[in-house]
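Descriptive analysis of the structure
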Amino acid sequence: ALGFDRLIIVRPSLLHGPRQDFRFGESLGYRLLNLTRPLLKGVAQAYLPVHTSQVARAMLSCAFDASPGVRVVNSRTIASFPEAEASVKEISGHDK
């Protein structure tokens, strides 16, 4: 409908990473989800918190993937992307 050859939708769960402001609800949610991490299996793992650097890795990797179509990337998939530095080296062809 929009005329794009490809569309990537990145859907992380609770984000974890450095922030300038303190967010009590997010902090509490992060701690609770980490405590229950061993209990979360299968589909429930999509609710585990992901670090902002993991989301950045996923977005970078998806941006350089020329596969056509619609791709939805959830938290479990985001956690499976390669290390950020390795991705940058691979894409740029050199070290930082």
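One structure accompanies this document, and this report is about it. In this text the structure is predicted, and so the values were computed from the model without any measurement.

**Remarks on the overall build of the protein chain**
- Along the protein chain, the regular secondary structure elements total 4 helices and 4 strands.
- What you see in the protein chain, going N to C, is helices and strands ordered as β-β-α-β-α-β-α-α.
- Expressed as a percentage of the 96 residues in the protein chain, the buried residues total 18%.
- Within the protein chain, contacts between residues at least 6 apart in sequence are counted, and of these 70% link residues at least 24 apart.
- Put simply, the protein chain shows about 7100 Å² of open surface, and 59% of that area lies on carbon and sulfur atoms.

**As for the nonpolar core**
- Within the largest apolar cluster, 7 residues are counted, these being Val50, Val55, Ala58, Cys62, Val73, Ile78 and Phe81.
- Per-element accounting of this core gives the leading share, 3 residues, to helix H2 (residues 52–63).
- Non-local contacts of Val50, meaning those with residues more than four positions away in its chain, are made with Pro12, Ser13, Leu14, Leu15, His16, Val55 and Ser75.

**Some remarks on the pattern of salt bridges**
- This model, assessed by the stated rule, comprises 1 salt bridge.
- The partner of Asp65 in a salt bridge is Arg71, and the shortest N-O contact between them spans 3.5 Å.
- The class for Asp65 is partly exposed, based on a relative accessible area of 28%.

**Considerations on a nonpolar patch on the surface**
- Taken together, the side chains of Phe22, Phe24, Leu28, Leu32 and Leu35 define a hydrophobic patch exposed on the protein surface, amounting to about 610 Å² of accessible area.
- The topology assignment puts Leu28 in helix H1 (residues 24–35).
- Accessibility expressed as a relative area gives 41% for Leu28, which makes it partly exposed.

Calculation notes
- Residues numbered from 1 in each chain as written.
- Predicted model: local features only at pLDDT ≥ 70, side-chain atom pairs only at ≥ 80, totals over all residues.
- Heavy atoms only, no water.
- Helix = DSSP H or I, 4+ residues; strand = E, 2+ residues; numbered from the N terminus.
- Buried < 20%, exposed > 50% of the residue type's maximum accessible area, 1.4 Å probe, protein only.
- Contact = heavy atoms within 4.5 Å.
- Areas by Shrake-Rupley, 256 points an atom, 1.4 Å probe, with all protein chains shown as cover.
- Core = buried A, V, L, I, M, F, W, Y, C linked by side-chain atoms within 4.5 Å.
- Salt bridge = Lys/Arg side-chain N within 4 Å of Asp/Glu carboxyl O.
- Patch = residues over 30% accessible without salt bridge, like charges linked within 9 Å, V, L, I, M, F, W, Y side chains within 5 Å.

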